[in-house]
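Chain and residue survey
Here is what each chain is made of, one letter per residue.
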Amino acid sequence: FLQTWVASLPSPVDDDKSQYPLLWSEEDQEILQSSSTSKIYRILDDIEEDAIWLEENVFAKDRAKFPETVNLDGVSVPCFSLAGFTWAMAMVQSRSFFLDKTLRLIPFLDMVNHADDAEEIRSGTM
C-alpha cells in the first residue's frame, strides 16, 4: 500500500507546483508574503534552518545512506538536500490534518480523500 501511495505523490521535479506555495517561484511567494498572515518566508527560513541542521548532523555523515539526489526513471531527483527537504515538507503540509490535537500524516486517509475521476474545485468554501 505505501508504495502505491508514494507513487501517487507529485514528483519533486514536476513542473506543476501551483498547489504547493512552498515550491512556488520567488515572485509568486512575494505576493503571498504580502497578503497572508502566515508568512511564507518565515516558514521557508524554518525549513532551511532544519535542512541545514540535518545536513550537518545526519546527511553529511553518511552520503551512501542519505544521497543528495536519486535517479528515478533516468531523472535526477533531489533527495536529502534543501530542495528534497522542502518538497517533503510541502507534501506533508498539503496532506496532513489535525487528529487528537496533533498534526498527522495518514496515507490511507490521504488516498481515501481523492478519487481518480473527481472534479477539482479550485476555489470556494465547504
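Everything below is about the structure printed above this text.
So, here is what we can say about the structure in this document. None of the values given here were measured: they were computed from a predicted structure. (Residues numbered from 1 in each chain as written. Predicted model: local features only at pLDDT ≥ 70, side-chain atom pairs only at ≥ 80, totals over all residues. Heavy atoms only, no water.)

Below, the discussion takes up the overall build of the protein chain. In terms of regular secondary structure, the protein chain is built from five helices and four strands. Each helix and strand of the protein chain, placed in order from N terminus to C terminus, yields the pattern α-α-α-β-β-α-β-β-α. The buried share of the protein chain, taken over its 126 residues, is 22%. A total of about 9,500 Å² of accessible surface is found on the protein chain, and carbon and sulfur atoms cover 55% of it. (Helix = DSSP H or I, 4+ residues; strand = E, 2+ residues; numbered from the N terminus. Buried < 20%, exposed > 50% of the residue type's maximum accessible area, 1.4 Å probe, protein only. Areas by Shrake-Rupley, 256 points an atom, 1.4 Å probe, with all protein chains shown as cover.)

With that settled, consider the side chain of S96. Mapped onto the elements of the fold, S96 is located in the loop between α4 (82-95) and β3 (97-99). Only 2.7 Å separates the side chain of S96 from the backbone oxygen of V92, close enough to count as a polar contact. Setting aside anything within four residues of it in sequence, one finds S96 in contact with L103, R104 and L105. (Polar contact = N/O pair within 3.5 Å; in protein donor to acceptor, adjacent residues only side chain to side chain. Contact = heavy atoms within 4.5 Å.)

As a further point, take the pairing of strand β1 (residues 69-72). Here four bridges tie β1 to strand β2 (residues 75-78), and the two strands are oriented antiparallel to one another. Across the sheet, residue V70 finds its bridge partner in β2, namely V77. Connecting β1 to the next strand, β2, in antiparallel fashion are two residues, including D73 with a positive phi near 55 degrees. (Pairing = 2+ DSSP bridges.)

This part is about the nonpolar core. Membership of the largest hydrophobic core comes to 15 residues, with the highest contact counts inside it found for Y20, L22, L23, F85, W87, A90 and M91. Residue assignment for this core shows that the elements contributing at least two residues are α3 (40-57) and α4. In terms of residues, this core owes the most to one element, α3, which gives five residues. Not counting residues up to four positions away in its chain, the partners in contact with W87 are L9, P10, S11, P12 and L23. (Core = buried A, V, L, I, M, F, W, Y, C linked by side-chain atoms within 4.5 Å.)

The phi dihedral of D73 falls on the positive side, at around 55 degrees, and the residue is not glycine. Note that D73 resides in the loop between β1 and β2. In this structure D73 comes out as exposed when scored by relative accessible area, which is 81%. A positive phi angle, near 65 degrees, is found at K101, a position not held by glycine. By the element assignment, K101 lies in the loop between β3 and β4 (102-104).

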